[in-house]
Amino acid sequence: MKDRASYPADPPRLPHKSVFGFAGYLAAAALIIWSLTNSELSLTKLLQGLPEIGRLLSEMFPPALERMPSIGTTLLETFQMAVAGTFLGVVLSLPLAVLSARNTAPHWTIKAVTRAIVTACRTVPELIWAIIFVIAVGLGPFAGVLALMVDTTGFCARFFAEAMEEADDGPPEALRSLGAGPTATVATAILPATLPSMIATSLFAFEKATRASVVLGLVGAGGIGVELMAAIDMYDYRNVSTIILCVFVMVLAVENLSSLLRRKIL
Amino acid sequence: MASETATAPLRGNAAPEAASIRQAPASTELAVTGLSKRYDGEPQNVLRDISFRIGTGERVALLGANGSGKSTLLRCCMRLMEPSSGDVRLFGNDVRQLGRSALRGLRSRTGVVFQRHNLVGRLSVLTNVIHGALGRSRHPGTWFQATAAQPWRDEAVRCLQEVGMADYTGQRADRLSGGQSQRVAIARTLMQHPQLVFADEPAASLDPAAGEEVMALFSRLIAGHGMTLVFSSHDLDHARRYADRVIALRAGEVVIDRPTAAVDFSQLAGLYQREAV
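Residues numbered from 1 in each chain as written. Chains lettered and ligands numbered in written order. Predicted model: local features only at pLDDT ≥ 70, side-chain atom pairs only at ≥ 80, totals over all residues. Heavy atoms only, no water.

To continue, consider the overall build of chain B. A count of helical and extended segments in chain B gives 10 helices and 10 strands. Split into buried and exposed, the 277 residues of chain B put 55% on the buried side. Here the contacts in chain B between residues at least 6 apart in sequence split such that 69% fall between residues at least 24 apart. Accessible area of chain B: about 11900 Å², with a carbon and sulfur share of 48%. (Helix = DSSP H or I, 4+ residues; strand = E, 2+ residues; numbered from the N terminus. Buried < 20%, exposed > 50% of the residue type's maximum accessible area, 1.4 Å probe, protein only. Contact = heavy atoms within 4.5 Å. Areas by Shrake-Rupley, 256 points an atom, 1.4 Å probe, with all protein chains shown as cover.)

Time to look at the overall build of chain A. Scanning chain A for helices and strands turns up 10 helices and 0 strands. In chain A, the succession of α and β elements from N to C terminus is α-α-α-α-α-α-α-α-α-α. The C-alpha radius of gyration computed for chain A amounts to 25 Å, which surpasses the reference 18 Å derived for 266 residues by more than 25%, pointing to a less compact arrangement than a globule. Principal axes of the C-alpha set define a box for chain A whose edges measure 80 × 55 × 40 Å. (Rg over C-alpha atoms; globule rule 2.2 N^0.38 Å.)

Taken residue by residue, the interface counts 23 residues in chain A and 25 residues in chain B. Buried surface at the junction of chain A and chain B, both sides included, amounts to about 1900 Å², of which 62% is carbon and sulfur. With its nearest N and O atoms 3.4 Å apart, the salt bridge here joins B:Arg116 to A:Asp168. For the interface between chain A and chain B, the tally reads 5 residue pairs in polar contact (both at pLDDT 80 or more). For the side of chain A that touches chain B, the elements supplying multiple residues, two or more each, are helix 7 (170-177) and helix 8 (182-216) of chain A. (Buried area = accessible area lost by both parts, 1.4 Å probe. Salt bridge = Lys/Arg side-chain N within 4 Å of Asp/Glu carboxyl O. Polar contact = N/O pair within 3.5 Å; in protein donor to acceptor, adjacent residues only side chain to side chain.)

Moving on, we get to the confidence of the model for chain A. As a note on interpretation, predicted positions should not be read in detail where pLDDT is low. Mean pLDDT for chain A: 90, with 97% of residues reaching 70 or above. Across chain A, the element-wise mean pLDDT spans from 88 in helix 9 (residues 224-233) of chain A up to 95 in helix 6 (residues 141-166) of chain A. (pLDDT = per-residue confidence, 0-100.)

In this section: the pattern of salt bridges. Oppositely charged side chains can form a pair if their charged atoms are brought close together. Counted according to the given criterion, the structure contains 23 salt bridges over all chains. A salt bridge links A:Arg55 to A:Glu59, with the shortest nitrogen-to-oxygen separation between them at 2.6 Å. Taken as a pair, A:Arg55 and A:Glu59 lie in helix 2 (residues 43-60) at a separation of 4 residues, close to a single helical turn. A salt bridge links B:Arg245 to B:Asp257; the shortest N-O distance between them is 2.9 Å.

Turning next to the sheet that holds strand 3 (residues 59-63) of chain B. Residues and elements named next belong to chain B. Pairing is mixed in the open sheet, where 6 strands are placed in the order 6-7-8-3-9-10. Looking along the sheet, the strands with just one partner apiece sit at the ends: strand 6 (110-113) and strand 10 (253-259). When strand polarity is set aside, the average angle formed by the axes of neighbouring strands in this sheet is 15 degrees. Relative to strand 10, strand 9 (residues 245-250) is paired through 6 bridges, and the arrangement is antiparallel. Looking across to strand 10, one finds that Ile247 is bridged to Asp257. Each of strand 6 and strand 7 (196-200) is contacted by helix 7 (residues 178-192), which is oriented at about 175 degrees to strand 6, the strand it contacts most. (Pairing = 2+ DSSP bridges. Axes fitted to C-alpha atoms, helices over the stretch in contact; angles between N-to-C directions.)

What follows covers the sheet that holds strand 2 (residues 47-55) of chain B. All names here are of chain B. The strand order 2-1-4-5 describes an open sheet built from 4 strands, whose pairing is antiparallel. Edge positions in the open sheet fall to strand 2 and strand 5 (93-94), since each of these has one partner strand only. Sheet topology note: the strand 1 (residues 28-37)/strand 2 ladder contains 6 bridges and is antiparallel. Along strand 2, the bridge assignment pairs Leu35 with Ile50. Strands in contact with helix 3 (residues 70-78) are strand 1, strand 2 and strand 4 (85-90); relative to strand 1, the strand with the most contacts, it is inclined by about 120 degrees.

Let's shift gears to the nonpolar core. All names here are of chain B. Core analysis: the largest hydrophobic core is formed by 49 residues, its most contacted members being Leu160, Val163 and Leu268. A total of 7 residues in this core trace back to one element, the largest contributor, which is helix 8 (residues 208-224). Listed in part, the 31 residues of the second largest apolar core include Val88, Leu103, Phe114 and Val230. (Core = buried A, V, L, I, M, F, W, Y, C linked by side-chain atoms within 4.5 Å.)

We now examine the side chain of B:Arg188. Following the sequence through the fold, B:Arg188 ends up in helix 7. One buried charged residue, B:Arg188, remains without a salt bridge, the closest side chain of opposite sign being A:Glu173 at 9.6 Å. Excluding its chain neighbours within four sequence positions, the residues that come into contact with B:Arg188 are A:Ala174, A:Leu175, A:Leu178, B:His117, B:Asn118, B:Leu119, B:Asn128, B:Val129, B:His131 and B:Gly132. (Lys, Arg positive; Asp, Glu negative; His and termini not counted.)

Moving on: the pairing of strand 4 of chain B. Residues and elements named next belong to chain B. Inspection of the sheet shows strand 1 paired to strand 4 by 5 bridges, in the antiparallel sense. Looking at the pairing, Val32 lines up with Val88 of strand 4. For strand 4 and strand 5, the ladder comprises 2 bridges, and the chain directions are antiparallel. Within strand 5, the position partnered with Leu90 by the bridge is Asn93. Counting the residues between successive antiparallel strands, the hairpin from strand 4 to strand 5 contains 2 residues, one of them, Phe91, with a positive phi of roughly 50 degrees.

Turning our eyes to something else, we now look at the confidence of the model for chain B. All names here are of chain B. Summarising the model, chain B shows a mean pLDDT of 84, and 89% of its residues fall at 70 or more. Mean pLDDT in chain B bottoms out at helix 1 (residues 2-7), which sits at 34, and peaks at helix 5 (residues 125-130), which reaches 95. Predicted confidence for residues 1-26 stays below pLDDT 50, and this span has 43 contacts to residues more than four positions away or in other chains.

Along any regular strand, the residues point their side chains to alternate faces of the sheet. Residues and elements named next belong to chain B. A two-sided burial pattern is seen for strand 6, the buried positions comprising Thr110 and Val112 on one face and Gly111 and Val113 on the other. Bridging between strand 6 and strand 7 involves 4 bridges; their strand directions are parallel. Each bridged residue has a counterpart across the sheet, and for Gly111 the counterpart in strand 7 is Val197.

Take a look at the structure:
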């Protein structure tokens, strides 16, 4: 048996960090501490506010059922907005993803421009998009659908592109080697390989759009948010609780349906 | 040959650029001259001043240890990878000078069988074989079996019959065994109607029995269709039985290039000896 001294040196338990790496950790810690200290965190204020929360909750119960037909109609409109916005966003995401993925983009300039567009779609919050589209096309669900479409595009195009970049390069190379063009290669090798990932992303986008569609009504972009805003403005907290419960049931149903579909399809 | 007769009308759908490619003299299909390749960031060339010519109907075994440059050489010949220097002429065309369209046309006449088969796993066997026609037909109908014209479907089934896989048309490709996948990949190559076939270690990922079956089938089909074959392998026995010429590489250089009958296979074992670490 070899004696210990003949083995190579014992490897370090922790990876060696350069001065820059160590400075990075320090900077991250400093950022967190700075953010916490400047956010006016106060346990005292939270404890003092608990009775107010209790009072609000007591005013919210029992939920009012008088406006259920109207709430049901707007809830359905909210759901339709989420479906339409997600569908249009997913459809728009596909070409944008192909143009922005490293292995499918026809040229680096097209990739750069497309990525910038997708990033812009993603970085502007959906509520801001809703305000923009309400100004552009007026109050109502159309503005909401457009806002959800843009937000879904920003979300899906990025993840679709990442899925395409991670796809096995073997089948596309095989098709290129037999003379297939770039469009045919994407359609017949890359898209089928990334389909499960794209379906999962689309279902997550649908869940996200369902939650977002509730808020869009607050700025007049249609859906149940309009009802919610009206109830809050009129201090009608029993109706507010009814709306919140209805939204909760809808979001829960959509999330469960989405999970079920993911399991079935994938 | 049945498939020749059946597909004669479809050849008219060949890509326009294929027609613009110069027809080479029948004798030489591949001519490699002074080919070198160095990967970015690597200190040494993977291929060094490689030169050889391959004529119509030849069956050439490319031998060499892992890292000797066999796969790189095959990829450079197809321009799936850019050579660093040197000249590659396929059917008389300088592949390094061709534009995208012309290169696609040239590739449509050159089949490649990969070690990992490279089928599209989520698609059916039939669709994968129809993909072999993507170089001949630019019509999106050939993207999937459900949309392909009946003559394409019929021809694909005939190709599957030739490799003994006609009962698996509807099977998803990722549910096949390794040997079955490689048979389907060969059927895809037959569907392509290539003049020259490159095979990168076609039996390497299979167990010995399946590898033997695939090589025997492959060799028979290549001969039956009158194609030229260049295959890389670690199996000296495959080289002895299925090739009529051996090109051996060591550290990116051609060290042997002679007819199989003139090769002393007992000495080829030296190709696989490693330097002491």
